[in-house]
Amino acid sequence: MPTLFDPLQVGQLALANRVVMAPLTRNRSPGAVPGPFAAAYYSQRASAGLLITEATAITHQGQGYADVPGLYAPEQLQAWKQVTDAVHAAGGCIVTQLWHVGRVSHTSLQPGGAAPVAPSAIAAKTKTVLIHDGVPSFVETSMPRALETAELPGIVADYVRAARAAVDQGGFDGVEIHAANGYLLDQFMKSGSNQRTDAYGGSLANRARLTVEVTAAVVAAIGGGRVGIRLSPVTPANDVYDPEAQALAEYLLQQLAPLGLAYVHLIEGATGGPREVPDRPFDYAAARAAYRQAGGQGAWMVNNGYDAALAQQALDHGADLVAFGRPYIGNPDLVERLKAGAPWAESDRNTWYGGGAKGYTDYPAMGQPAATPAG
Ligand code: 8OZ
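Figured I'd write up the structure that's included with this text.

Each value, and the rule that gives it
Residues numbered from 1 in each chain as written. Predicted model: local features only at pLDDT ≥ 70, side-chain atom pairs only at ≥ 80, totals over all residues. Heavy atoms only, no water. Helix = DSSP H or I, 4+ residues; strand = E, 2+ residues; numbered from the N terminus. Polar contact = N/O pair within 3.5 Å; in protein donor to acceptor, adjacent residues only side chain to side chain. Contact = heavy atoms within 4.5 Å. Core = buried A, V, L, I, M, F, W, Y, C linked by side-chain atoms within 4.5 Å. Buried < 20%, exposed > 50% of the residue type's maximum accessible area, 1.4 Å probe, protein only. Pairing = 2+ DSSP bridges. Axes fitted to C-alpha atoms, helices over the stretch in contact; angles between N-to-C directions. Arc of directions from axis to C-beta. Near = heavy atom within 4 Å. Areas by Shrake-Rupley, 256 points an atom, 1.4 Å probe, with all protein chains shown as cover. Nonpolar A, V, L, I, M, F, W, Y, C, P; charged D, E, K, R; others polar. Parallel < 35°, antiparallel > 145°, perpendicular 65-115°, else oblique. Left-handed = near helix turned anticlockwise from the far one by under 90°. Phe/Tyr/Trp six-rings, centres within 6.5 Å; stacked < 30°, edge-to-face > 60°. Lys NZ or Arg CZ within 6 Å of the ring centre and 35° of its normal. Expected span 1.5 Å × (residues − 1).

1. A look at the side chain of N303
Positionally, N303 belongs in strand 13 (residues 299–303). Within the local environment of N303, its side chain forms a polar contact with the backbone oxygen of A323, the two atoms lying 2.9 Å apart. When near neighbours in sequence (up to four residues on either side) are disregarded, N303 contacts A22, R230, H265, L266, I267, E268, R275, A323, F324 and G325.

2. Some thoughts on the nonpolar core
Within the largest apolar cluster, 85 residues are counted, with the highest numbers of intra-cluster contacts made by Y42, L98, V218, L231, F324 and Y328. With 10 residues, the single largest contributor to this core is helix 3 (residues 152–168). Excluding anything up to four places from it in sequence, L231 contacts A179, A180, M189, L252, L253, V264, H265, L266 and I267. Judged by nonpolar contacts, the second largest core, of 16 residues, contains V10, V20, A262 and M301.

3. Points about the environment of G35
Its place among the elements puts G35 in the loop between strand 3 (19–21) and helix 1 (38–44). Sequence-distant contacts of G35, defined by excluding residues within four places in its chain, comprise R28 and S29.

4. Comments concerning unusual backbone geometry
Positive phi, normally seen in glycine, also occurs at N238, with a value near 60 degrees. In this structure, N238 sits in the loop between strand 11 (227–231) and helix 6 (245–256). On the accessibility criterion, N238 (11% relative accessible area) is buried. In the Ramachandran plot, N304 falls in the positive-phi region, its phi being about 120 degrees despite a non-glycine side chain. For N304, the location among the structural elements is in the loop between strand 13 and helix 8 (308–316). Given a relative accessible area of 5%, N304 falls into the buried group.

5. Concerning the sheet that holds strand 5 (residues 94–99)
One closed barrel holds the eight strands; their spatial order is 3-4-5-10-11-12-13-14, and the pairing between them is parallel. Taking the axes of each pair of neighbouring strands and ignoring which way they run, one obtains an average angle of 25 degrees across the sheet. The pairing of strand 13 with strand 14 (residues 321–324) spans three bridges and is parallel. If you follow M301 over to strand 14, its bridge partner there is L321.

6. Things to note about helix 7 (residues 284–293)
Along helix 7, the positions that sit buried rather than exposed are Y284, A287, R288, A290 and Y291. Taken end-on, helix 7 shows its buried residues confined to a sector of 155 degrees, consistent with a single buried face. Sitting at the head of helix 7, D283 places a side-chain oxygen 3.1 Å from the backbone nitrogen of A285. Backbone geometry just downstream of helix 7 places G295 in the positive-phi region, at approximately 95 degrees.

7. Thoughts on the site of the ligand
Around the ligand sit T25, A55, Y65, W99, H178, N181, Y183 and Y353, and that is every residue in its neighbourhood. Between an oxygen atom of the ligand and a side-chain N or O atom of H178, the distance comes to 2.8 Å. Separating an oxygen atom of the ligand from a side-chain N or O atom of N181 is a distance of 2.8 Å. Compared with its free state, where it exposes 300 Å², the ligand has 79% of that area covered by protein. A per-class count over the shell around the ligand returns five nonpolar, three polar and no charged.

8. So, the packing of helix 6 against helix 7
Their axes nearest at 8 Å, the elements helix 6 and helix 7 cross at an angle of 25 degrees. When the axes of helix 6 and helix 7 are compared, the pair comes out roughly parallel. Crossing geometry of helix 6 relative to helix 7 is assigned as right-handed. In this structure, helix 6 uses Q246, E250, L253, Q254 and L256 to contact helix 7, whose residues at the interface are A286, A287, A290 and Y291.

9. Points about the pairing of strand 5
A large share of strand 5 lies buried, amounting to six of its six residues. Burial of the side chains of strand 5 extends over both faces: I94, T96 and L98 are buried on one face and V95, Q97 and W99 on the other. Pairing geometry for strand 5 and strand 10 (residues 174–178), over four bridges, is parallel. When the sheet's bridge partners are listed, V95 is paired in strand 10 with G174.

10. Looking at the packing of aromatic side chains
All told, the structure shown has 11 aromatic pairs when counted by the stated rule. Aromatic rings pair up to connect Y41, Y42, W80, F172 and Y360 into one cluster. Stacked on the ring of Y306, the Lys or Arg R275 has its end atom at 4.6 Å from the ring centre.

11. Comments concerning helix 6
Counted at 1.5 Å a residue, the expected span for helix 6 with its 12 residues is 16 Å, and the 16 Å between its end C-alpha atoms agrees. Regarding helix 6, the residues found buried are A245, L248, A249, L252, L253 and L256. One side of helix 6 holds all its buried residues, which, seen down the axis, span an arc of 125 degrees. Of the surrounding elements, those touching the buried residues of helix 6 are helix 4 (184–189), helix 5 (204–222), strand 11, strand 12 (263–267), helix 7 and strand 13.

So, to be careful, I would describe these as geometric facts and stop short of saying anything about function.
Structure representation (structure tokens):
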């Protein structure tokens, strides 16, 4: 049986081990440009087999939170190039997470103060974060407008443009398509947020269509071996729900199987919460079997609440990669701690979102003195 510390070739990505740093929103990118400490933050964590960046907006319209980064302006891509150079110099592998928030946004974050876009004009019962004078506040998301059918090819093109820019200009090894956590692609997939009557609403095949089109187009642009996708079939995050979650996920995975993806990343249960969601049962082994039976060969990446023992159990039962999120905030050397069976440091929730080096680049590796914030 493999261990977390065995290498794995994942599409075009040669991973030194099977530990993945999951995407973590940190709100330290004023003007959507990764901040001065981002290169240190990611390169400190480069012993992970794979780093997935925080969710990163493909367009201004795809923005939904204060001070999250983008992939749509030259200065954003230049800043990311410094990050990827630092990670590569430290021996790491890094992909960026392509993000369009859809309705999880606020007019003050949108181009021209416009309404956010969504499959249907249904507001999400969820909050977003605005930051004024360095002080974060949580506000209700704004009422979205429904995208016209004729606008959807433009959304697909936005993903493709961002993927190409990420690889060609940002220096990334690949991309992860964010189709989880109640953002645009997930809003289309799940019937609670999609009441469309065109080819992108109604049947589960129609609701999955935009995700399949985006993924196929990104694969055509940069090659499937550099593309992963993140899914969260039953998460209640950002007010999404589908009564047919199992059938929807299995249909989607069957459509993705022939695309030759590097990996499929599953959030099990509620994002950042319990691994089981009351009244939302889901059989992850059956979903993986559906993908494999349809010919899908991508690595199967699992996430949510893993510790060393649970991670090994997942590998023993056919997972290929295990993604750790919150533990990576306080433990830059999580791989070494897992290997040593060493305890994990707790991180300070007050510095998860927003701020500077404090709570970002000052968590020490094992045996090191408490770091002065590193730039
Ligand atoms: C936490 C805060 C804001 C955004 C996700 C991108 O859940 C996020 C996110 C997480 O995927």
